[in-house]
Amino acid sequence: RCRGRSLHPMMLMTPDAWVRAANPWCGWLRFVLLPMMLVPLWFGQPMAAMMVMMAWMMVPRLFRKPISDTAWMTRAQLGMRIWRSRPMDDPRPLLMWCLILLSLMRAADTAAGHRLTATLLYTAAYAATHLIFLARTVVVYERRRDGDDQEAPADPTEDADVEEGETTDGVS
């Protein structure tokens, strides 16, 4: 019986899932998985594309918490968590996120229409805007970690056993 129930709790990122998503292997895998959904769309298999999207949502549950914050992707993911917990007083990160989603949606549309050049261009736009956004979230995290950010909420790594300066990253 599904009436009155919602599947959204499965899609929500719990605090533990956020920290697990900060594992650099998880972060890079999620970065690659989003454009990978274009392949099934190109071949007319929207259900396979949805399965790739489900994998994208479930990947954080497969990895351990990162051991340190030395990896760039770890700092980017932890910075994203800080950014998402703030009030939206600065529209620039939100605008960047909209550009990321727009480029990915256009890539999906052109992939379904078998327009290779446009698909590749929109996929490149996705990668570029996403990497720029992640670079910005690294700055957000580093400011918070170094104590330069007065408005940031509590440190997302406090409950995560993520140590600054250690050199290994855990993968299960």
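Just so we're clear, the structure is a prediction, and the values are computed from it rather than from any experiment.

## Describing the packing of aromatic side chains
Reasoning step 1: Enumeration according to the criterion identifies five aromatic pairs in this entry.
Reasoning step 2: Between W28 and W72 the ring centres are 5.9 Å apart and the planes differ by 20 degrees, which places this aromatic pair in the stacked class. One end of the pair, W28, is in helix α3 (residues 24-36); the other, W72, is in helix α6 (residues 72-84), with 44 residues separating them in the sequence.
Reasoning step 3: For W28, a relative accessible area of 37% translates into the label partly exposed.
Reasoning step 4: The class for W72 is partly exposed, based on a relative accessible area of 30%.
Reasoning step 5: The positively charged end of R30 is found above the aromatic ring belonging to W56, 4.0 Å away from the centroid.

## Looking at the pattern of salt bridges
Reasoning step 1: For the coordinates displayed, the defined rule picks out seven salt bridges.
Reasoning step 2: One salt bridge in this structure joins R20 and D16, with 2.8 Å as the shortest N-O distance. Highlighted residues: R20 and D16, both in helix α2 (residues 15-21), separated by four residues, approximately one helical turn.
Reasoning step 3: Notably, a salt bridge pairs R145 with D69, separated by 3.1 Å at the nearest N-O pair. Taken as a pair, R145 in helix α8 (residues 116-145) and D69 in the loop between α5 (46-58) and α6 lie far apart in primary sequence, 76 residues in all.
Reasoning step 4: One continuous salt-bridge network, built from bridges that share partners, spans D16, R20 and K65.

## Focus: the confidence of the model for the protein chain
Low-confidence regions, as indicated by low pLDDT, have predicted coordinates that should not be scrutinised in detail.
Reasoning step 1: In this model, the protein chain carries a mean pLDDT of 82, and residues with pLDDT of at least 70 account for 78%.
Reasoning step 2: Per-residue pLDDT, averaged within each element of the protein chain, yields its smallest value for helix α1 (residues 8-11) (52) and its largest for helix α4 (residues 38-42) (95).
Reasoning step 3: The model gives residues 1-5 a pLDDT under 50, and that stretch makes zero contacts with residues more than four places away or in other chains.
Reasoning step 4: Counting contacts from residues 166-172, a segment whose pLDDT is below 50, to residues more than four positions away or on other chains yields 23 contacts.

## A closer look at the packing of α6 against α8
Reasoning step 1: Look at α6 against α8: their axes get within 7 Å of each other, and the N-to-C directions meet at 80 degrees. The orientation of α6 relative to α8 falls into the category roughly perpendicular. Of α8, the residues touching α6 (which contributes W72, M73, R75, A76, L78, G79, M80, I82 and W83) are L131, F133, L134, A135, T137, V138, V140, Y141, E142, R144 and R145.
Reasoning step 2: When its residues are assigned to classes, the contact of α6 with α8 shows 14 nonpolar, two polar and four charged.

## A closer look at a nonpolar patch on the surface
Reasoning step 1: Judged by side-chain polarity, V32, M36, V39 and F43 come together as a nonpolar surface patch covering roughly 380 Å² of accessible area.
Reasoning step 2: Following the sequence through the fold, V39 ends up in helix α4.

## So, α3
Reasoning step 1: With 13 residues, α3 extends 18 Å from end C-alpha to end C-alpha; this agrees with the ideal 18 Å at 1.5 Å per step.
Reasoning step 2: Three or more residues of α3 are buried, namely P24, C26, G27, R30, F31, L33, L34 and P35.
Reasoning step 3: Close packing links the buried residues of α3 with α2, α4, α5, α6, α7 (91-112) and α8.

What counts, and where the lines are drawn
Residues numbered from 1 in each chain as written. Predicted model: local features only at pLDDT ≥ 70, side-chain atom pairs only at ≥ 80, totals over all residues. Heavy atoms only, no water. Phe/Tyr/Trp six-rings, centres within 6.5 Å; stacked < 30°, edge-to-face > 60°. Helix = DSSP H or I, 4+ residues; strand = E, 2+ residues; numbered from the N terminus. Buried < 20%, exposed > 50% of the residue type's maximum accessible area, 1.4 Å probe, protein only. Lys NZ or Arg CZ within 6 Å of the ring centre and 35° of its normal. Salt bridge = Lys/Arg side-chain N within 4 Å of Asp/Glu carboxyl O. pLDDT = per-residue confidence, 0-100. Contact = heavy atoms within 4.5 Å. Axes fitted to C-alpha atoms, helices over the stretch in contact; angles between N-to-C directions. Parallel < 35°, antiparallel > 145°, perpendicular 65-115°, else oblique. Nonpolar A, V, L, I, M, F, W, Y, C, P; charged D, E, K, R; others polar. Patch = residues over 30% accessible without salt bridge, like charges linked within 9 Å, V, L, I, M, F, W, Y side chains within 5 Å. Areas by Shrake-Rupley, 256 points an atom, 1.4 Å probe, with all protein chains shown as cover. Expected span 1.5 Å × (residues − 1).

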